[in-house]
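# Notes for the structure review
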Amino acid sequence: MTKKKAPNLEKKICDAALKCAATHDWASVTLAMIAKAVKLSPTQVTKLFSTTGDILPALVRQTDAEVANSVGKLHGTPHDKLFEVMMARFDYLQTHRDAILNIMGSVKRDPSLARHLLPAGASSMQAMLALAGLKQDEPKNILAVTGLLAIYAIVLCVWERDESDDMAKTMAALDRHLRRAGKLADILFRAF
């Protein structure tokens, strides 16, 4: 369970965790390893994070913050705005590709790690919708968040295999799935 954290210290620990994950399988990354990378004592790290699994939601929050900082004023259709926001997310992931792939591999081998990521993922997709100006009232918001989380998971698997510098396959998959979801949302949202 995570404790209340100082934002700068959390970011430093997250950066160190990504650095460690870039060269090690996430399952082999320890709090002591992260503490050494960030030049803190293990006790200082464990005051903020009880386990390496507890760092995973912080990594998601850091990604959200980086996306929010990188996205400027958005123009165009709701699809265009959401596409731009989500591609900014994949652009950030690309800068930490080795670390993210190692973390993803560990989650696949140990699905119990998903318990740290799913709630953070839902909050993250809500933040992405808000960045795109698409936050909805309940129950539409629940459907939108759930749908976007599903799209993100699908496209993340495409990104995992997309080794191109321009992420063309990732962009195409994101565009295709957002368009399909938009058509479905038009049908579903008429009921609310």
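Use the structure listed above.
Report on the accompanying structure. Model, not experiment: these values are computed from the prediction.

Attention shifts here to the packing of aromatic side chains. For the structure shown, the criterion picks out 1 aromatic pair. Aromatic pair phenylalanine 90 and tyrosine 152: ring centres 5.6 Å apart, planes at 50°, arrangement tilted. With phenylalanine 90 in helix α5 (residues 78-95) and tyrosine 152 in helix α8 (residues 140-161), the pair connects residues that are 62 residues apart, well separated along the chain. Residue classification places phenylalanine 90 among the buried residues on the basis of a relative accessible area of 0%. What makes tyrosine 152 buried here is its relative accessible area of 12%. Here arginine 97 stacks its cationic end above the ring of tryptophan 159, 4.6 Å away from the centre of that ring.

Right, let's get into unusual backbone geometry. Among all residues except glycine, the phi angle is most often negative; among peptide bonds, the trans geometry is most common. Here lysine 39, not a glycine, exhibits a phi torsion of approximately 60°, which is positive. Mapping lysine 39 onto the fold places it in the loop between α2 (31-38) and α3 (42-46). Owing to a relative accessible area of 75%, lysine 39 belongs among the exposed residues under this scheme. For methionine 167, which is not glycine, the phi dihedral falls at a positive 55°. Relative to the helices and strands, methionine 167 is located in the loop between α8 and α9 (168-189). The exposure class of methionine 167 is buried, given its relative accessible area of 3%.

Looking now at the pattern of salt bridges. All told, the structure shown has 7 salt bridges when counted by the stated rule. Residues glutamate 10 and arginine 61 are paired through a salt bridge, measuring 3.2 Å at the closest nitrogen-oxygen approach. Of this pair, glutamate 10 sits in helix α1 (residues 7-23) while arginine 61 sits in helix α4 (residues 55-70), placing them 51 residues apart in sequence. By relative accessible area, which is 39% here, arginine 61 ends up partly exposed. When the shortest N-O distance is used, the salt bridge between lysine 11 and aspartate 15 registers 3.0 Å.

Our next topic: the packing of α4 against helix α7 (residues 114-131). Direction vectors running N to C along α4 and α7 enclose 10°, while the axes themselves pass 9 Å from each other. The pairing of α4 with α7 is recorded here as roughly parallel in orientation. Across the interface between the two elements, Leu56, Pro57, Val60, Asp64, Val67 and Ala68 from α4 touch His116, Leu117, Ala120, Ser124, Met128 and Leu131 from α7. When grouped by side-chain class, the residues that make up the contact of α4 with α7 number 9 nonpolar, 2 polar and 1 charged.

What follows concerns helix α6 (residues 97-109). Between its terminal C-alpha atoms α6 stretches 18 Å, which fits the 18 Å expected from 13 residues at 1.5 Å a residue. All buried positions along α6 are accounted for by Arg97, Ala99, Ile100, Ile103, Met104, Gly105, Ser106 and Val107.

Rules used in this analysis
Note on numbering: residues in each chain are counted from 1, in written sequence order. Whole-chain, interface and lining totals are the exception, using all residues; otherwise, since this is a predicted model, local features are given only for residues with pLDDT of at least 70 and side-chain atom pairs are given and counted only at 80 or more. Calculated side-chain values reflect all of the structure's heavy atoms, with hydrogen atoms and water omitted. Put simply, two rings from Phe, Tyr or Trp (the six-membered ring, in Trp's case) pair if the centres are within 6.5 Å, and we call them stacked under 30 degrees between planes, edge-to-face over 60, tilted for the rest. Helix and strand assignments come from DSSP, with helices taken as H or I runs of at least 4 residues and strands as E runs of at least 2, each series counted from the N terminus. To sort residues, take the accessible area from a 1.4 Å probe on protein chains only and compare it with the maximum for the residue type: under 20% means buried, over 50% means exposed, and anything in between is partly exposed. Over a ring means this: the NZ of a Lys or the CZ of an Arg is within 6 Å of the ring centre and within 35 degrees of the ring normal. A pair is scored as a salt bridge if a Lys or Arg side-chain nitrogen falls within 4 Å of a carboxyl oxygen belonging to Asp or Glu. Every axis corresponds to a line fitted to the C-alpha atoms, with the helix fit spanning only the stretch in contact, and the corresponding angles, defined between N-to-C directions, vary from 0 to 180 degrees. Here is the rule for angles: anything less than 35 degrees is roughly parallel, anything more than 145 is roughly antiparallel, 65 through 115 is roughly perpendicular, and the remaining ranges are oblique. Whether two residues touch is decided by their heavy atoms; if any such pair falls within 4.5 Å, the residues are in contact. Each residue gets one of three labels, nonpolar for Ala, Val, Leu, Ile, Met, Phe, Trp, Tyr, Cys and Pro, charged for Asp, Glu, Lys and Arg, and polar for the others, Gly among them. Multiplying 1.5 Å by the residue count of a helix minus one yields the expected span of that helix.

Purely geometric stuff here, so don't read any function into it on its own.
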